[in-house]
Structure formats: C-alpha cells, structure tokens
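Given next are the chains, with one letter for each unit.
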Amino acid sequence: MADSRSAKRILVVHGPNLNMLGQREPGHYGSRSLADINQALTAKAAELGLALSTFQSNHEGEIVDTMQQAAGRVQGLIINPAAFTHTSVAIRDAVLLLQVPTIEVHLSNIHSREPFRRHSYIADIAMAQISGLGESGYLFALEALAKRIA
Ligand code: DQA
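Residues numbered from 1 in each chain as written. Predicted model: local features only at pLDDT ≥ 70, side-chain atom pairs only at ≥ 80, totals over all residues. Heavy atoms only, no water.

Some details on the overall build of the protein chain
Filter applied, for reference: Each helix is a run of DSSP H or I of at least 4 residues and each strand a run of E of at least 2, with the numbering of both proceeding from the N terminus. Here the globule rule reads 2.2 Å times residues to the power 0.38, and the radius of gyration is calculated from C-alpha atoms. Contacts are residue-level and defined by heavy atoms, with any inter-residue pair within 4.5 Å sufficient.
Of the regular secondary structure elements, the protein chain holds 5 helices and 5 strands. Order of helices (α) and strands (β) in the protein chain, N terminus to C terminus: β-α-α-β-α-β-α-β-β-α. A globule of 150 residues ought to have a C-alpha radius of gyration of about 15 Å, and the protein chain, at 14 Å, matches this closely. Each principal axis of the C-alpha distribution contributes one length, and for the protein chain these read about 45 × 30 × 25 Å. Pairs at least 24 residues apart make up 76% of the contacts formed inside the protein chain by residues separated by at least 6 positions.

This is the structure:
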C-alpha cells in the first residue's frame, strides 16, 4: 500500500436523494445505505493504496463547489450525479474543469427505465459509464481508475 503522502486521491461524488439509499425505491437501488457503499469503497481504496474522499449533496451548486475545490488535488473522479445526470450542464462543466479520469456510476440501469433517464450530460466526457450493477459498479469503477492512474 502506498503511504498517505504519495497515494493517488480519488473523489467520489453522490448526487441528490442518494442519502436516502436503503429506504428509497429498493427495487431500483437495493438495500445498501450510502454509508455502506462509502465504507465498501473506503476498504477497497485501502487495498488499492488509494486515498478516497466521498461527498453527497442534494444541491447542484454544492456539488460544483466541491468539484472546483478538488481541482488539482485529486487524480480521479467517480460520480453518480443521480437526477442531475439528466439535467445539469453545470456539473458537466465542473467535470471538465477537474481534468481527471472520470467514471460515471448508476446503481440502476438508466437505459432500461423512463426515456428521460437515457440521456446523460456526463457520459461522453467520462472514461466509462457503469449502470445497473448496484454497489459493485462503484467498486469496479475504483479498480478501473486505480489501473488508469497507476
Ligand atoms: C441514479 C439514476 C438516476 O436516473 C436517478 O435520478 C437517481 C439514481 C442511479 O444511481 O441509478 O437518483 O443515478
């Protein structure tokens, strides 16, 4: 494992309503809470020698602020923009500003639901989109980023 000074840093951003995971539409989003997912990510990051920070907000501007503050400080981004995936040019622009390998993650398969969920403002600027694999999608994203930024 790399020591904390040299470890590459990954930011994980969770968008609106993801604080309600575990209670919210379990048919789409499963029974794991956001704390469970963040804990699994933190454990996997330790295995991979990465430093991980997580952030959740229901507010678009707070997500943009956090990503601006991370510029130059992180080497990779995992983002589930939740409903903002389908609406937010501001979050797209913040991803572009970060200029780091980015993986977009969705717990549910956004391509098998309502038509408005099929469009993502992030997908074409991301390294990959992982959709429909639940918590595993975040863990696969972390492994893929670890390889990309090694
Ligand atoms: C989601 C899919 C979005 O369409 C939805 O608005 C969410 C969660 C997912 O993880 O499957 O809030 O991003």
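Side note on the site of the ligand
Quick note on the threshold: Only heavy atoms are used to decide nearness, and a residue is near a molecule or strand if one of them lies within 4 Å of it. Any pair of N or O atoms that falls within 3.5 Å is considered a polar contact. Within protein, one atom must be able to donate a hydrogen and the other to accept it, and sequence-neighbouring residues count only if both atoms are side-chain atoms. Charged residues are taken to be Asp, Glu, Lys and Arg, nonpolar residues to be Ala, Val, Leu, Ile, Met, Phe, Trp, Tyr, Cys and Pro, and polar residues to be all remaining types, Gly included.
Taken together, the residues surrounding the ligand are Arg-24, Tyr-29, Asn-80, Ala-82, Ala-83, His-86, His-106, Leu-107, Ser-108, Ile-110 and Arg-117. The contact in question runs from an oxygen atom of the ligand to an N or O atom on the side chain of Ser-108, over 2.6 Å. Contact between the ligand and Arg-117: an oxygen atom at 2.8 Å from a side-chain N or O atom of the residue. When its residues are assigned to classes, the shell around the ligand shows 5 nonpolar, 4 polar and 2 charged.

Structural notes on unusual backbone geometry
Which entries qualify depends on this criterion: The buried label goes to any residue with under 20% of its type's maximum accessible area, the exposed label to any with over 50%, and the partly exposed label to all in between, with areas taken from a 1.4 Å probe on protein chains only.
In this structure, Asn-17 takes a positive phi of about 75° despite not being glycine. On the secondary structure map, Asn-17 appears in the loop between strand E1 (9-14) and helix H1 (26-29). Residues other than glycine seldom take positive phi values, yet Gln-99 does so here, at roughly 55°. Inspection of the secondary structure puts Gln-99 in the loop between helix H4 (89-98) and strand E4 (102-106). On the basis of relative accessible area, Gln-99 is assigned to the exposed category, the value being 72%.

Quick look at the nonpolar core
What counts is decided by this rule: Put simply, a nonpolar core is a bunch of buried Ala, Val, Leu, Ile, Met, Phe, Trp, Tyr and Cys residues held in one set by side-chain atoms that sit within 4.5 Å of each other.
The biggest cluster of nonpolar side chains holds 25 residues, and the ones touching the most others in it are Ile-10, Leu-41, Ile-78, Tyr-138 and Leu-142. Sorting the residues of this core by element identifies E1, helix H2 (34-48), E4 and helix H5 (135-149) as the ones contributing at least two each. If one sorts the elements of this core by residue count, H5 sits on top with 7 residues. In this structure Ile-10 touches Leu-50, Ala-51, Leu-52, Ser-53, Gly-76, Ile-78, Leu-142, Leu-145 and Ile-149, once residues within four positions along its chain are discounted. Listed in part, the 17 residues of the second largest apolar core include Val-74, Ile-79, Phe-84 and Leu-98.

Topic: the packing of helix H3 (residues 60-70) against H4
Any two packed helices are characterised by the angle at which their axes cross and by the distance between the axes. Where we set the bar: As a rule, the C-alpha atoms of each element are fitted with a line to give its axis, helices using only the stretch in contact, and angles between N-to-C directions run from 0 to 180 degrees. With respect to orientation, any angle under 35 degrees is reported as roughly parallel, any angle over 145 as roughly antiparallel, any angle of 65 to 115 as roughly perpendicular, and every other angle as oblique.
It is at 9 Å that the axes of H3 and H4 come closest, and there the two elements cross at 5°. As summarised for this structure, H3 and H4 are arranged roughly parallel, according to the angle between their axes. In this structure, H3 uses Glu-60, Ile-63, Val-64, Met-67, Gln-68 and Ala-70 to contact H4, whose residues at the interface are Ala-90, Ile-91, Ala-94, Val-95, Leu-97 and Leu-98. In the contact of H3 with H4, the residues fall into 10 nonpolar, 1 polar and 1 charged.

These values are about where atoms sit, not about what they do.
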